[in-house]
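Take a look at the letters that make up each chain.
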Amino acid sequence: MRDGILVINAGSSSIKFSLYLSNGEEKPILSCKGQVEGINVAPHFIAKSPHGAVLNEQRWPDQPDLSHEALFKYMIDWIESQLGDAKLRAAGHRVVHGGSQYSYPLRINDDLVVELEALVPLAPLHQPHNLAPIRALARVHPDLIQVACFDTAFHRSNPWEAQSFALPRKLTGEGVKRYGFHGLSYEYIARQLRQIAPAVARGKVVVCHLGSGASMCAINDGKSVASTMGFTALDGLPMGTRTGTLDAGVVLYLLQQKGMTPKEIEDLLYKKSGLIGVSGVSNDMRVLLESSEPHAVEAVELFVYRVSRELGSLAAAMGGIDALVFTAGIGEHSSEVRARVCRYAEWLGVEMDHEANERDAMMISGIDSPVSVWVIPTDEEMMIAKHTREVLQSVKS
Ligand code: ADP
């Protein structure tokens, strides 16, 4: 009998799921995926086949405030109806924060939930939503093996200086340090690169995860050594709606001179800045690339410029660069952004093959380019499914 492995990625207004089937030997096979979105506003459930065909869709127009728990139950009941001859054995959760200590996925028990709860102050916008479905699943399925996969885990190999702010030691000791995020995506890319080009994967690689959330990671011989995200997922590159790196003095100015409240500043930095803040047009890179509005043009240029500067910084952290990888929505689909970043990176030895870039080929650098350039689609859900299956197999054996 095949094992059903459920992957859950829960946020404040949506719960995404992917159901994988595994016979223990090959890689898990995606069976269906979907989400509940619009929680507390206009809940909407949709499930699709791996090829995108809609399998089920449901709205609750008379119950806009239907609880998280009720929606989650609807989702689980529907998923169970799809199992066929498989049995749901395990659930893997994307958990944003694993603190300083966790560098690998863990089987969840009551003690771990308490520990992860203690990390809520470090990620108040995400961690509570990640933990809610863990508790809900434990109630309906007490026998299910649940696994926490941390977005911070891959970066625990960073050296001390990459994880530290120049703050007094006491604060560092309390956990105010650089954790890095998007770790599941980077781990997936590192594993893919090892299969596609093993010699390249042993070298110095910078991966650009350019989605609506965006970050970059320096990976040396498969291990993360530095990344652009820090204490929170607000650091580093400008994103769809987030500022990226900001002089902390700006926050003081907003507080002291403009009299803004912490909540107003949070809204500004997380939801009203980045591409939408600079362009005033959209947080979607596709819209900005097609727009001739001067502020939209500047937003794209600022984004490309920031990626290019961080590239220099990450190359410096490794003492060089052998390969550059683009991934996530913008990285996988925008030949223009890739071309512009590669133009900035010529000083590092990047020579792009423009024809290959235009057709989204896997390798988009020229044959003699000292630095090879790659486009590799990411799949964080698959990474969680693989980790969860590994834990499941260790429990079985
Ligand atoms: P998320 O961080 O939400 O998972 P994705 O990795 O799916 O985001 O990336 C979403 C972003 O990718 C969109 O906001 C859009 O700006 C960008 N994107 C998708 N396709 C293209 C494209 N063809 N050209 C430029 N940008 C694109």
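Residues numbered from 1 in each chain as written. Predicted model: local features only at pLDDT ≥ 70, side-chain atom pairs only at ≥ 80, totals over all residues. Heavy atoms only, no water.

Engineer: Teacher, can you tell me more about the pattern of salt bridges here?
Structural biologist: Note that side chains of opposite charge can pair when their charged atoms are close. In total, this model carries 21 salt bridges according to the counting rule given. Here arginine 340 and glutamate 336 are joined by a salt bridge, their closest N and O atoms 3.0 Å apart. With arginine 340 and glutamate 336 both in helix H14 (residues 335–344), this residue pair falls four residues apart, about one helical turn. Among the residues examined, glutamate 336 registers a relative accessible area of 37% and is labelled partly exposed. Each member of the salt-bridge network shares a partner with another, and the members are Lys263, Glu266, Asp267 and Lys271. (Salt bridge = Lys/Arg side-chain N within 4 Å of Asp/Glu carboxyl O. Helix = DSSP H or I, 4+ residues; strand = E, 2+ residues; numbered from the N terminus. Buried < 20%, exposed > 50% of the residue type's maximum accessible area, 1.4 Å probe, protein only.)

Engineer: Where do I start with the state of the cysteines in this structure?
Structural biologist: Disulfide: a covalent bond connecting the sulfur atoms of a pair of cysteines. Applying the stated rule across the entire model yields zero disulfides. Sulfur of cysteine 32: no disulfide; nearest cysteine sulfur belongs to cysteine 149 and is 19 Å away. Of the residues examined, cysteine 32 reaches a relative accessible area of 1% and is grouped as buried. Note on cysteine 342: no disulfide assigned, nearest cysteine sulfur contributed by cysteine 208 at a separation of 8.4 Å. Residue classification places cysteine 342 among the buried positions, given a relative accessible area of 2%. (Disulfide = S-S within 2.5 Å.)

Engineer: In this structure, what is going on with the packing of helix H6 (residues 183–196) against helix H16 (residues 380–396)? I would like to understand it.
Structural biologist: A packed helix pair is summarised by two numbers, namely the angle formed by the two axes and the spacing between the axes. Contact geometry for H6 and H16: axes closest at 8 Å, N-to-C directions at 85°. With respect to each other, H6 and H16 are oriented roughly perpendicular. Within the contact between the two elements, H6 uses Leu184, Ser185, Glu187, Tyr188 and Arg191 and H16 uses Glu380, Met382, Met383, Ile384, Lys386, His387 and Glu390. Its residues placed into classes, the contact of H6 with H16 shows five nonpolar, two polar and five charged. (Axes fitted to C-alpha atoms, helices over the stretch in contact; angles between N-to-C directions. Parallel < 35°, antiparallel > 145°, perpendicular 65-115°, else oblique. Contact = heavy atoms within 4.5 Å. Nonpolar A, V, L, I, M, F, W, Y, C, P; charged D, E, K, R; others polar.)

Engineer: Sorry if this is basic, but what is going on with the site of the ligand here?
Structural biologist: Lining the immediate environment of the ligand, one finds Gly211, Ser212, Gly213, Asp284, Met285, Arg286, Leu289, Ala328, Gly329, Ile330, His333 and Ser334. Between the ligand and methionine 285 there is a distance of 2.7 Å, counted from an oxygen atom to a backbone nitrogen or oxygen. A distance of 2.9 Å separates an oxygen atom of the ligand from a polar atom in the backbone of glycine 329. When isolated, the ligand has an accessible area of 580 Å², and the protein chains bury 67% of it. (Near = heavy atom within 4 Å. Polar contact = N/O pair within 3.5 Å; in protein donor to acceptor, adjacent residues only side chain to side chain. Areas by Shrake-Rupley, 256 points an atom, 1.4 Å probe, with all protein chains shown as cover.)

Engineer: Quick question: what am I supposed to make of the nonpolar core here?
Structural biologist: Nonpolar side chains tend toward joint burial in soluble globular proteins. Core analysis: the biggest nonpolar cluster contains 62 residues, and Leu210, Phe303, Leu324 and Phe326 have the highest contact counts within it. Element by element, the count of residues in this core is highest for helix H12 (residues 294–318), at 10 residues. Discounting residues that sit within four places of it in the chain, leucine 210 has contacts with Ser215, Leu237, Phe303, Val307, Phe326, Thr327, Ala328, Gly329, Ile330, Gly331 and Val337. (Core = buried A, V, L, I, M, F, W, Y, C linked by side-chain atoms within 4.5 Å.)

Engineer: Explain helix H3 (residues 127–140) to me, please; I cannot follow it from the model alone.
Structural biologist: Over its 14 residues, H3 runs 21 Å from end to end, which matches the ideal 20 Å to within 8%, given 1.5 Å per residue. Buried residues of H3: Gln127, Asn130, Leu131, Pro133, Ile134, Ala136 and Leu137, and no others. (Expected span 1.5 Å × (residues − 1).)

Engineer: Can you walk me through the environment of valine 395 in this structure?
Structural biologist: Positionally, valine 395 belongs in helix H16. Sequence spacing of valine 395 and serine 291 is 104 residues, and the spatial spacing of their C-alpha atoms is 53 Å. Residues within four places of valine 395 in sequence aside, it is in contact with Arg107 and Ile145.

Engineer: Looking at this structure, how should I read the pairing of strand E3 (residues 29–37)?
Structural biologist: Remember that side chains alternate between the two faces of the sheet whenever the strand is regular. Pairing of strand E2 (residues 15–22) with E3 involves seven bridges; the strand directions are antiparallel. Looking at the pairing, serine 18 lines up with lysine 33 of E3. Here E2 hands over to E3 after six residues, with glycine 24 in that stretch at a positive phi of 90°. When E3 meets strand E4 (residues 44–48), the two strands line up antiparallel, connected through five bridges. What sits directly across from lysine 33, in E4, is lysine 48. A loop of six residues connects E3 with E4, the two strands running antiparallel in sequence, and glycine 38 in this loop sits at a positive phi of about 65°. (Pairing = 2+ DSSP bridges.)

Engineer: Would you mind going over the sheet that holds strand E5 (residues 54–59) with me for this structure?
Structural biologist: Overall, mixed pairing links the eight strands, which are arranged E5-E4-E3-E2-E1-E6-E8-E7 in an open sheet. The sheet is open, and its two edges are formed by E5 and strand E7 (106–107), each paired on a single side. Summarising the sheet, E7 and strand E8 (residues 145–150) pair through two bridges and their orientation is antiparallel. When the sheet's bridge partners are listed, leucine 106 is paired in E8 with alanine 148. Helix H2 (residues 110–117) rests against strand E6 (87–95), E7 and E8 of the sheet, and its axis sits at about 30° to E8.

That is the geometry; function is a separate question.
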